[in-house]
Structure formats: C-alpha cells, structure tokens
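# Breakdown of the fold
These are the residues of each chain, in order.
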Amino acid sequence: MFFQKETRIFLIVCFVLLLFMSGCGGESPARARQPEAVRQETEEEVKAYVEPETVDEKAVEEAKETVLEEAEAPLVVQERQELERPAAEGANLALKFEVGDEATYRVITQSSQEVKWEGDLPSKSQFKGGSNETETELTFTQRIEDVDSSGGAVARITIDKLKFRAIKNKRVFMDFDSAKKSKAINALGNIVGESYKVALSTRGEVLKVLDAMRIQDIAKRGFISTAKFASEFVNNSSIKERHGHLKFPSAGKFKLEKGKQWTDSGSFDFGMMGSELYERVYTLDEIKEEAGGRTAIASMEAIPSVKTSTELSNQKRNGGLSEMFDNKATYQGELVFDLEAGGISHYTEDLSVQWFMIMPSDKTSSKEPVVLQMDASRKYDLERLE
C-alpha cells in the first residue's frame, strides 16, 4: 500500500518535470518548423517598419520645387488662354437658328424728302418747295419653326405693335398707334396680331416670303387711305427689306478679327431723283468679352457704288434727275452682334443725301442766282428687346 502511494507520487513529479522542460526549453514547435529564410525576412520587415530609412534632404527639396512648378503651370496657361481667346478665335458673324427659339424686336424706319428754292425768286414765282416724312415703328416676335441642313431657317413673324406717322408739308395727316383704341376701321390696325413667314439664311438674307397672302389680303380692308399704307407695309418687297436689310459675311468660311472688313450693297429709291446703289463697308472695331458672353462691335461707312446695275441705270434714264445735279451724301451705321446667341442686338444706319442745281439765269442780271436743293434721308434702327 505504501509502495503504491510512493510510486504514484514519483510518476506525478516526473510528468510535471517533463511539461516544464517542454515549455521552457528552445523554440515553440510552430516557430521551430519555420524555414530560416522566412524568419530572416520577417525580422527585416519589422526592423524596416520600426527603424525608417535615412531621409535625403536634397531630394526632398527638389521634389517640393517640382510639385510647386506643376501646381502653378495650369494657372499661367489658363490666364494666357483667356487673354488671347478673342483675338485667336475671331468673330463668326453669322446668324444661328434653333427650332422653337423666340425673340422680340423693334424696328423703326424713317423716310423724308424735301425740295427747297434759294436765291432771288420772282414774287409770283411758280417754284414752290415741299416736304414729306413717314415714320414706322414695328414691334414683332420672331419664332423659328424649321432649320435646314445649311443652318437656314423658316421664321414666323407676328406683328405685336405698330405705329405709323405721315407728315406732308409740315402737316400731320396720318397718326396711327395700335396701343390706342379706335372705332374707325383702320387697315393698319387690322394687320396687328397677324403673321407671315420668311425663309432666312445665316447671312441674314430673306430668301423667300412665305404664307403672306392672308395678311396682305387683310391689309386691303378698311379706308382707302389706310389700306394703301398697310398694303405697302406687308408687300413682299417691304418684308424682304425689313428682315433682310443687313447682310453678314459667308458663314463658316472665315472668322473676322479686329480691323477686318466685309462689304454689302444697298439701293434706295428717291422718287423723281431716281435710285442710287451704295457699297456698304463694315469694319469690325472691337470684340468685347463680358460676363454674358462675347459681343462684336462693327461700324459701317458707305459710298456710291460704281457697279450700277442695268435696272438702276434704266430707272435714272426713265425719269431720274440726279444726273443733272451735283450731290453729296453721308451714309453711316453701327452693329452690335451677340456672338454667343448668334444674333443682332442692335443695328442702326443713317443715310443723308443732298442734290444742288444752279438754275440758268441772265449773265447781265445783278440778281442772286436761283438754287434748287433737294434733300432726302433714310434711317433704319433694329433692336432686340428680349
């Protein structure tokens, strides 16, 4: 019994010693099984993480300079491009159209002619002067209904407001304003609210008048005096002149830069003085860069054209008296063009012509010579309101 007890104690002590020796002696079984190369690699990684490499101060400074140069470079390029963009791009003076676009314009046209006699006229002379003036102010809405492959468009023109004033020998004989109510059947009032269509090119030409028969028929209704003016106002010739007065350079072929020019021609009928053809020379004076976009400013100076057409020549031979007179003329204008929208913001022009002729007289007479002077003016003012 005693032996068995001692034997059990001895075995327990031996087992404890074995456990102690296996836990403290050498590496653990898991670590002991790792290859030597793996252990070295692991130790190097830990060392690299705990002990960072020595920093090269010179390399750091060079890296900072490179980063700063790259950060500043885009700002310099952007500023240079912003300053050079208007000059580099130039101005594409061509109308842009998109289906559904609407714009409201006001166009004012003025026409006047006057005959004056100066000098020593007989007391009962049959030579008498006279004058007549007309002024029309039209507010209309232009809606683009179709655009073709060349960029041209079909636009519907609706007459919103109309004013007309006619003066003969300083006396007003017609003064119409659609904003004022009138009980009279006035043909000018009948065409307010009516519309017609025009086919427009990107150069500003009216290629064709469309769907104008209805408004032209309505213009004939009313008193004869007003029907005459209303009919003249909406005939094809007047519509083309109103909406195609200004011609632009050929679209897409070139862009204008400051100082560059383009030309156009325009003819005017001066009644018994015949017709004159003028060459209008437009100069691009400025391209403005503003918050709302780019705007082109151009001026116009015109001179009598040497290329007088056969039609105009025939008009002069068949009753025009201008060849019998000395004359002088001034014809100027200004254009403000919205380059972003591709449309006219404001355009004005003013033509003034004077003809002079000294009437034949007795050379022995002490009286002052009789001079016949005839003046004519034409004004056109187109402005986009909204």
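What counts and what doesn't
- Residues numbered from 1 in each chain as written.
- Predicted model: local features only at pLDDT ≥ 70, side-chain atom pairs only at ≥ 80, totals over all residues.
- Heavy atoms only, no water.
- Helix = DSSP H or I, 4+ residues; strand = E, 2+ residues; numbered from the N terminus.
- Buried < 20%, exposed > 50% of the residue type's maximum accessible area, 1.4 Å probe, protein only.
- Contact = heavy atoms within 4.5 Å.
- Areas by Shrake-Rupley, 256 points an atom, 1.4 Å probe, with all protein chains shown as cover.
- Phe/Tyr/Trp six-rings, centres within 6.5 Å; stacked < 30°, edge-to-face > 60°.
- Lys NZ or Arg CZ within 6 Å of the ring centre and 35° of its normal.
- Pairing = 2+ DSSP bridges.
- Salt bridge = Lys/Arg side-chain N within 4 Å of Asp/Glu carboxyl O.
- Patch = residues over 30% accessible without salt bridge, like charges linked within 9 Å, V, L, I, M, F, W, Y side chains within 5 Å.
- Lys, Arg positive; Asp, Glu negative; His and termini not counted.
- Charge placed at Lys NZ, Arg CZ, Asp CG, Glu CD.
- Arc of directions from axis to C-beta.
- Core = buried A, V, L, I, M, F, W, Y, C linked by side-chain atoms within 4.5 Å.
- pLDDT = per-residue confidence, 0-100.
- Polar contact = N/O pair within 3.5 Å; in protein donor to acceptor, adjacent residues only side chain to side chain.

### Quick word on the overall build of the chain
- Within the chain one finds nine helices and 12 strands.
- Split into buried and exposed, the 386 residues of the chain put 32% on the buried side.
- For the chain, contacts bridging at least 24 residues in sequence account for 67% of all contacts bridging at least 6.
- Roughly 25500 Å² of accessible area belongs to the chain as shown, and the carbon and sulfur atoms make up 53% of that amount.

### Here we look at the packing of aromatic side chains
- Summed over all chains, the structure comprises 12 aromatic pairs.
- With a centroid separation of 6.2 Å and an interplanar angle of 65 degrees, the aromatic rings of F268 and Y278 are classed as edge-to-face. Placement of the pair is F268 in strand β7 (residues 261–269) and Y278 in strand β8 (residues 275–290), with a sequence separation of 10 residues. Of the two residues, F268 and Y278, both sit in the buried class.
- Among the aromatic residues, ring-to-ring pairing joins F268, F270, Y278, Y331 and W355 into one connected group.
- The ring of F229 carries the charged tip of K228 above its face, separated from the ring centre by 5.1 Å.
- Sitting over the ring of F233, R242 keeps its end group 4.0 Å from the ring centre.

### A closer look at the pairing of strand β1 (residues 102–118)
- Strand direction decides the pairing type here: β1 and strand β2 (residues 130–147), joined by 14 bridges, are antiparallel. Its bridge partner being in β2, Q110 is matched across the sheet by E135.
- As judged from the 14 bridges shared by β1 and strand β12 (residues 371–384), these two strands associate in the antiparallel manner. The residue bridging S112 from the neighbouring strand is S377, located in β12.

### Some points on the environment of W355
- Mapped onto the elements of the fold, W355 is located in strand β11 (residues 343–358).
- With 28 residues separating them along the chain, W355 and N327 place their C-alpha atoms 4.3 Å apart.

### Comments concerning the pattern of salt bridges
- Applying the stated criterion to the full structure yields 14 salt bridges.
- One salt bridge in this structure joins E383 and R106, with 3.0 Å as the shortest N-O distance. In this pair, E383 sits in strand β12 while R106 sits in strand β1, placing the two residues 277 residues apart along the sequence.
- With its nearest N and O atoms 2.9 Å apart, the salt bridge here joins R280 to D264. Here R280 is found in strand β8, whereas its partner D264 is found in strand β7, with 16 residues between them in sequence.
- Classification of D264 by relative accessible area gives buried; the value is 11%.
- Among the ionic contacts, a cluster of salt bridges with common partners joins E145, R156, K197 and D211.

### Comments concerning a negative patch on the surface
- Together, D285, E286, E290 and E334 give the surface a local cluster of negative charge.
- Top element by residues in the negative patch is β8. It accounts for three residues.
- With respect to the helices and strands, the residue E334 is situated in strand β10 (residues 326–338).
- E334 sits in the partly exposed class, given a relative accessible area of 44%.

### Points about helix α7 (residues 224–233)
- The complete set of buried residues in α7 reads T226, A227, F229, A230 and F233. Projected onto a plane normal to the axis of α7, the buried residues spread over an arc of 165 degrees and lie on a single side.
- Those residues of α7 that are buried are in contact with β2, β3 (153–168), β4 (171–177), α5 (187–190) and α8 (236–243).

### Some words on the nonpolar core
- Counting residues in each nonpolar core, the largest one holds 68 residues, and the members touching the most others are L93, I191, F270, L335 and F337.
- For this core, the element with the most residues is β3, which contributes seven residues.
- Setting aside its immediate chain neighbours within four residues, L335 contacts L246, F248, W262, A296, I297, A298, I344, H346 and Y347.

### So, the confidence of the model for the chain
- The pLDDT averaged across the chain works out to 78; a share of 67% of its residues lies at or above 70.
- Contacts from residues 13–35, a stretch scored under 50 in pLDDT, to residues over four places away or in other chains number four contacts.
- Across residues 71–88, where pLDDT falls below 50, the model places eight contacts with residues more than four positions away in sequence or in other chains.

### Observations regarding the side chain of S195
- On the secondary structure map, S195 appears in strand β5 (residues 195–200).
- We classify S195 as buried; its relative accessible area is 18%.
- Among the polar contacts made by the side chain of S195, one reaches the side chain of R156 at a distance of 2.8 Å.
- The residues touching S195, leaving out its near neighbours within four places in the chain, are R156, I157, T158, D211 and I215.

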